[in-house]
Amino acid sequence: MSEQNKSIALVTGGSRGIGAAISQKLGAQGFHVIVNYVSNETKAAEVVQKITAAGGSAEAMKFDVSHEDEIVKAMEEISKKGMPLTVLVNNAGISEDSLILRLKKESLDRTLQTNLVSAILLSKEAVKLMMKNRNGSIIQISSVVGEMGNAGQVAYSAAKAGMLGLTKSLAKEVASRKIRVNAVTPGYIETDMTHELNETQKNTIIDDIPMGCLGSVSDVANLVGFLAGPDSHYITGQVIGINGGLYI
Ligand SMILES: NC(=O)c1ccc[n+]([C@@H]2O[C@H](COP(=O)([O-])OP(=O)(O)OC[C@H]3O[C@@H](n4cnc5c(N)ncnc54)[C@H](OP(=O)(O)O)[C@@H]3O)[C@@H](O)[C@H]2O)c1
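Note that the structure is predicted; figures quoted are calculated from it, not measured.

**Re the overall build of the protein chain**
A count of helical and extended segments in the protein chain gives 9 helices and 7 strands. Taking 2.2 N^0.38 as the reference for a compact globule, 248 residues should give roughly 18 Å; the C-alpha atoms of the protein chain span a radius of gyration of 17 Å, in line with that estimate. Seen through its C-alpha atoms, the protein chain measures out along the principal axes to roughly 50 × 35 × 35 Å. Counting all 248 residues of the protein chain, 43% fall into the buried class.

Below you can see the structure in the form of structure tokens.
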């Protein structure tokens, strides 16, 4: 595909884990991928290198999704690239686990800001650009814990559940402009986030998963690739689980 015909897919937190796999998938599908990161420049550069080595097109872009001014500045920059933004994947996220009695206000603020407020503000800026072309797919990377809850994750699961409300309301607002909004709710996926679990914790989790294993980043990337592409053109406002049967 020539650079002229390409459109942009922005993947927040595209430098590692699920975001890196999504970036590579979208690169293979012909998008110009903007691989966002906040601190790990080397990992972001590696993802860009993998996409370009496979014949795709990509660039890294540093901004902190928890800061509105950085979001606005990044979207302004994207609007000047000469290619339309057609895909936004709100993937950047953090989890700071704590039982509610030990939950610190700063941790609550950071978790809501990075996982939820960022997704709302990024969706707002993306809609402004997508409305002009009457074409867009916004994909929120939520979590199974936003659907089923999890002790010790009040802040994280509230943020992830909030993304589902965002998805459904925004889908209704922008459907007439041919912009689709969907959410993906991964279960336990092998990444840096789950590597923090010890073997006992991992085995306890696996015991609860009917399919008996954790998911892989490519499982999630394949679903996101489908939601980003034309084959899902009649799907909007949906929450799609990818959890090995953990939550049905
Ligand atoms: N892993 C799972 O089992 C699982 C399950 C359900 C849902 N999820 C969700 O899936 C998403 C990705 O998870 P993951 O496991 O792949 O995470 P990860 O391996 O910890 O990677 C997190 C990514 O987010 C970026 N990031 C963090 N804070 C940011 C900020 N303020 N601004 C911009 N980027 C930021 C990181 O950038 P740097 O590299 O620069 O630090 C990194 O690219 C998250 O939203 C998570 O909640 C994960």
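**Describing the nonpolar core**
Among soluble globular proteins, nonpolar side chains are generally buried collectively. Core analysis: the biggest nonpolar cluster contains 61 residues, and A9, V35, V220 and V224 have the highest contact counts within it. Not counting residues within four places of it along the chain, the set of residues in contact with V35 comprises V11, G14, S15, S23, A44, V47, V48, A58, A60 and M61.

**Some words on the sheet that holds strand β7 (residues 239-242)**
Hydrogen bonding along the main chain pairs the strands of a sheet, whether they run parallel or antiparallel. Strands sit in the order β3-β2-β1-β4-β5-β6-β7 across an open sheet of 7 strands; the sheet is parallel. Taken across any chain shown, the strands that pair with only one partner, and hence form the sheet edges, are β3 (57-62) and β7. Taken over all neighbouring pairs, the strand axes of this sheet differ in orientation by 20° on average, direction set aside. As judged from the 4 bridges shared by strand β1 (residues 8-11) and strand β2 (residues 32-37), these two strands associate in the parallel manner. Paired with A9 across the bridge in β2 is V33.

**Some thoughts on the packing of helix α1 (residues 17-28) against helix α2 (residues 41-53)**
Running from N to C, α1 and α2 cross one another at 25°; their axes reach a closest spacing of 9 Å. Judged by the angle between their axes, α1 and α2 are roughly parallel. For the pair α1 and α2, the sense of crossing is right-handed. Contacts from A20, S23, Q24 and G27 of α1 reach α2 at V47, K50 and I51. Across the contact of α1 with α2, the residue classes tally to 3 nonpolar, 3 polar and 1 charged.

**Quick word on α2**
Between its first and last C-alpha, α2 extends 18 Å over 13 residues, near the 18 Å set by a 1.5 Å rise per residue. Among the residues making up α2, those that are buried are A44, V47, V48 and I51. Taken end-on, α2 shows its buried residues confined to a sector of 95°, consistent with a single buried face. Seen from the buried face of α2, the exposed residues on the opposite side, beyond 90 degrees, are T42, Q49 and A53. The inward-facing, buried residues of α2 abut α1, β2 and β3. G55, located one to two residues past α2, shows a positive phi value of around 95°.

**Some thoughts on the site of the ligand**
The local shell around the ligand holds 31 residues, among which G13, G17, N40, G93 and M193 are the closest. Broken down by class, the residue content of the shell around the ligand amounts to 11 nonpolar, 16 polar and 4 charged.

**Digging into the pairing of strand β5 (residues 136-141)**
Where a strand is regular, its side chains alternate between the two sheet faces. Of all 6 residues in β5, 6 are buried; the element is thus mostly enclosed. Alternating positions in β5 separate into two faces, G136, I138 and Q140 on one and S137, I139 and I141 on the other, with burial throughout. As judged from the 4 bridges shared by strand β4 (residues 85-90) and β5, these two strands associate in the parallel manner. Directly across from L88, in β5, lies its bridge partner I138. In this region the chain leaves β4, passes through helix α4 (residues 105-133) and returns to the parallel neighbour β5; the handedness of that crossover is right-handed. As paired elements, β5 and strand β6 (residues 179-186) share 6 bridges and run parallel to each other. If you follow I139 over to β6, its bridge partner there is N182.

**A short note on the packing of α1 against helix α9 (residues 217-228)**
A pair of packed helices is characterised by two quantities: the angle between their axes and the separation of those axes. At a minimum axis separation of 8 Å, α1 and α9 run at an interaxial angle of 45°. In terms of their interaxial angle, α1 and α9 are classed as oblique. Where α1 crosses over α9, the handedness of that crossing is right-handed. Where α1 approaches α9, its residues G17, I18, A21, I22, K25 and L26 are matched on the opposing element by V217, S218, V220, A221, N222, V224, G225 and A228.

Here is what the cut-offs are and how they apply
Residues numbered from 1 in each chain as written. Predicted model: local features only at pLDDT ≥ 70, side-chain atom pairs only at ≥ 80, totals over all residues. Helix = DSSP H or I, 4+ residues; strand = E, 2+ residues; numbered from the N terminus. Rg over C-alpha atoms; globule rule 2.2 N^0.38 Å. Buried ≥ 20, exposed ≤ 12 C-beta atoms within 10 Å, placed from the backbone. Core = buried A, V, L, I, M, F, W, Y, C linked by C-beta atoms within 7 Å. Contact = placed C-beta atoms within 7 Å. Pairing = 2+ DSSP bridges. Axes fitted to C-alpha atoms, helices over the stretch in contact; angles between N-to-C directions. Parallel < 35°, antiparallel > 145°, perpendicular 65-115°, else oblique. Left-handed = near helix turned anticlockwise from the far one by under 90°. Nonpolar A, V, L, I, M, F, W, Y, C, P; charged D, E, K, R; others polar. Expected span 1.5 Å × (residues − 1). Arc of directions from axis to C-beta. Near = placed C-beta within 6 Å. Right-handed = clockwise from strand over helix to strand, strands pointing away.

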